[in-house]
Structures are given as C-alpha cells and as structure tokens.
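Below, each chain spelled out in residue letters.
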Amino acid sequence: MLWTERILKYDHTNKIGNQGDLIKHLTLTVAISRMAETKHAFTYLDVHSGRARYDLSDSGEWGQGIGKFAGHCAENAQLPEDLAYFYDVQSLNRVNRERKYWGSSRIVLNVLLDQGLTDIRMILCDTDSAVCRDLKEHYQDRLLVAIHCMDGYRKAYDTGGVDLVLIDPPDISAHYTEFTALMGHCLARGQSFISWNSLHGNSIQQGMSSKCLSISRWADESGISSFSVRWKKGWSRQMCGCQVLFSVPGAGRVADACGDLVKLMGWSTVES
Ligand SMILES: C[S@@+](CC[C@H](N)C(=O)[O-])C[C@H]1O[C@@H](n2cnc3c(N)ncnc32)[C@H](O)[C@@H]1O
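Residues numbered from 1 in each chain as written. Predicted model: local features only at pLDDT ≥ 70, side-chain atom pairs only at ≥ 80, totals over all residues.

K.L.:
Please explain the site of the ligand as it appears in this structure.
P.N.:
As a structural note, the neighbourhood of the ligand is formed by 21 residues, with H48, G50, G103, S104 and G152 the closest of them. Sorting the residues of the shell around the ligand by element identifies α2 (19–36) and α8 (152–158) as the ones contributing at least two each. (Near = placed C-beta within 6 Å. Helix = DSSP H or I, 4+ residues; strand = E, 2+ residues; numbered from the N terminus.)

What follows is the structure, encoded as structure tokens:
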C-alpha cells in the first residue's frame, strides 16, 4: 500500500499527551539522557515526527495522561529519579497553566540540550504537509534540523550514522508490514531504536490481538526489551494500552522507569 493511500487523515492533536504519549515520551527521555552521558554529538531520526509543540485543548486526551501524571507528581515528594527528571525537563509543573506540550522531536532536543550536548543533528519525517510546515517554522533557527515531508520508512532505509531512531506509526493495522520490517532492519544493523504501537485485544477480547502478540514475541525472541501496558480494564478491539520496544543502551533503566510509571498511574503490565 502507498503511504499516500494509508495516511489519509491522522491528526495527533487530540491525542497529544495521552497515556500512550506519556509512556513513549518517558521512554525517550530516559533512553536519550542515558545515551547522552557517553556522547559528544547525537543524531536522531524521527520516522513519524508529528509537530514539535502542541496546544492542549479542553477536549484532548492529555487529561488522562500527562495531566494525571502531573497531578500525581505534584502530590508525591518521593518520586523515582527518572520520573522526576521527565517531569522537570519537560516542564510538566506548568502544563495545566500553560496548556502547551512538546512532541517527540522537541522532547529529544530538550533532553540533549539539558545533558549539555550542542552537536545535535535531527532528521524529522512526516507525510502531512501542514505538520511539516509547522516543524519548519518551529525549527527555523536550528540549522541542523532537517525536515523531510516524505515517507519516513523510506528515509530510514536511506540514512546512516544515526544514534537513535524513533518509529511511532499512527495506526498499527495499516502500518504493520512496514513497521515490523523497519524494526527488523534496525536489529540486523545494530541500530538503536525505540518503537511504539497501540495495544488491542483479539476478536474474542480475551488477550492481545495477533499483531500485538507477534510484536511482543518477536521482541522476546530477538532479545529486545519491550513493555506492554494496559490502562483500560478488560480487552477491547479499540486501543486499550500500548507496547514500547527499546533496543538501546541502558534498556534496564528504561524498563524500571516504565514500571514506576505504571505503578504511579495505577495501570497494569501485560505478559505475552
Ligand atoms: C503518532 S503521530 C507522531 C507523534 C510523535 N512521534 C510524538 O510522539 O509526538 C504519527 C505521525 O506520523 C505521520 N505519518 C503517517 N504515516 C507516515 C509515514 N509513512 N511516514 C512519515 N510520517 C507518517 C502522521 O502525519 C502523524 O503526524
């Protein structure tokens, strides 16, 4: 299927900062901050970039994600170190007042700058021309941010010398083939990557869908760390949680941070 047929209209605006973004963005923050400790320069490739910054609307899903997280953090003086770092570096103490939140590319840039790196290269792909215009405006003063309004899978195969790839498709059903092929390609090349996909129930609503199960099993068989989380009770064909795979240095620390988040938010982890 061509990407032009597949994407038709996906808009992340209403979903920004929801439960899935919270776990994805915590994963990114912890992984990047650990990787930055050993590097002077960093190149990041975002296959499905989305916007750099979002306005949080009253009807958005963020209340169940970063909104709830910010509330827990404000009440909890003893937060685990990595959750506290995510809260601070992404300015979540101001989220309810300012109603702004960063997308993945800006989250990565915030962490790299906070870790003292200045030699930063970012390659951002999105197929939505309005998103690309927004990215170009946001990053206009940063010479080393390249924005490609094109199929991010294709760009990923053509680009070398990358420290971390984020693969974050809008819809696991339509993207399954390209998504899993790109993860396989990263694994074969020893390329560090983080992937995110929505978690769905099977047709009898008693466990993971076959696609989610095969992603989980592939990660186990390949020795890649993964984390499956459910924030809804029961199984549904609709999104009821998410899966993150992280083939990065310091993966144990990322998994611990995800575990701490799940506990704080009252969610559950899912075994394949
Ligand atoms: C889930 S959103 C990305 C969210 C972002 N990574 C974040 O965490 O803030 C998915 C984005 O992928 C874009 N997209 C869909 N198909 C794509 C493709 N084949 N290549 C690049 N971008 C694509 C959509 O336009 C959308 O902006």
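K.L.:
Quick question: what am I supposed to make of helix α10 (residues 210–222) here?
P.N.:
Since the α-helix packs 3.6 residues into each turn, any two residues three or four apart lie on the same face. Between the first and last C-alpha of α10 there are 18 Å, a value that for 13 residues agrees with the 18 Å anticipated at 1.5 Å per step. The complete set of buried residues in α10 reads C212, I215, S216 and A219. The arc that holds every buried residue of α10, seen down its axis, measures 95°, which confines them to one face. In α10, the exposed residues that point more than 90 degrees away from the buried face are S210 and E221. Here the buried face of α10 lies against α9 (172–189), β7 (193–199), β8 (225–230) and β9 (241–247). (Expected span 1.5 Å × (residues − 1). Buried ≥ 20, exposed ≤ 12 C-beta atoms within 10 Å, placed from the backbone. Arc of directions from axis to C-beta. Contact = placed C-beta atoms within 7 Å.)

K.L.:
When you look at helix α3 (residues 66–75) in this model, what are you seeing that I'm missing?
P.N.:
Along α3, the residues classified as buried are I66, G67, F69 and A70. The arc that holds every buried residue of α3, seen down its axis, measures 160°, which confines them to one face. Against the buried residues of α3 lie α2, α5 (95–98), β3 (100–102) and α11 (251–265).

K.L.:
Honestly, the sheet that holds strand β1 (residues 41–46) in this entry has me stumped. Any pointers?
P.N.:
Remark on secondary structure: sheet strands pair via backbone hydrogen bonds, oriented parallel or antiparallel. Within the open sheet, the eight strands sit side by side as β5-β4-β1-β6-β7-β9-β8-β10. Their pairing is mixed. Two strands lie at the open edges of the sheet, namely β5 (145–148) and β10 (268–269), each paired on one side alone. The pairing of β1 with strand β6 (residues 164–167) spans three bridges and is parallel. Across the sheet, residue D46 finds its bridge partner in β6, namely L166. Sheet strands touched by helix α6 (residues 104–114): β1, β4 (119–125) and β6. Its angle to β4, the strand with the most contacts, is close to 175°. (Pairing = 2+ DSSP bridges. Axes fitted to C-alpha atoms, helices over the stretch in contact; angles between N-to-C directions.)

K.L.:
What exactly am I supposed to notice about the nonpolar core here?
P.N.:
Within soluble globular proteins, side chains that are nonpolar generally end up buried alongside one another. Residues A31, I32, L164, V165 and I194 are the most contacted members of the largest nonpolar core, which totals 75 residues. Counting residues per element, this core draws most heavily on α2, which supplies nine residues. Not counting residues up to four positions away in its chain, the partners in contact with I194 are T27, L28, A31, L164, L166, V244, F246 and V248. (Core = buried A, V, L, I, M, F, W, Y, C linked by C-beta atoms within 7 Å.)

K.L.:
What am I meant to see in the packing of α2 against helix α4 (residues 81–89) here?
P.N.:
The packing of two helices is summarised by the inter-axis angle and the distance between the axes. Two numbers describe how α2 lies on α4: the axes approach to 10 Å, and their chain directions differ by 100°. With respect to α4, the axis of α2 lies roughly perpendicular. Of α4, the residues touching α2 (which contributes L26, T29, V30 and S33) are D82, Y85, F86 and V89. Its residues assigned to classes, the contact of α2 with α4 comprises five nonpolar, two polar and one charged. (Parallel < 35°, antiparallel > 145°, perpendicular 65-115°, else oblique. Nonpolar A, V, L, I, M, F, W, Y, C, P; charged D, E, K, R; others polar.)

K.L.:
Is there a simple way to think about the environment of D256 in this case?
P.N.:
Examined against the element boundaries, D256 turns out to sit in helix α11. Overall, the presence of 14 C-beta atoms within 10 Å leaves D256 in the partly exposed class. It is 9.6 Å that separates the C-alpha atoms of D256 and P80, two residues lying 176 residues apart in sequence.

K.L.:
I tried to follow the environment of H200 on my own but got confused; where do I start?
P.N.:
Mapped onto the elements of the fold, H200 is located in the loop between β7 and α10. The sequence separation of H200 and K211 amounts to eleven residues, and the corresponding C-alpha distance is 8.7 Å. Excluding residues that lie within four positions of it along the chain, H200 makes contacts with S209, C212, R237, M239 and C240.

K.L.:
It is not clear to me how the pairing of β7 should be interpreted in this structure. Could you clarify?
P.N.:
Side-chain positions along a regular strand alternate between the two faces of the sheet. Counting buried positions over the seven residues of β7 gives six, a clear majority of the element. Direction of pairing for β6 relative to β7: parallel, over a ladder of three bridges. Considered in β7, the bridge of I167 is made with S195. Across seven bridges, β7 lies against β9 in antiparallel orientation. Counted as the bridge partner of S195 is L245 from β9.

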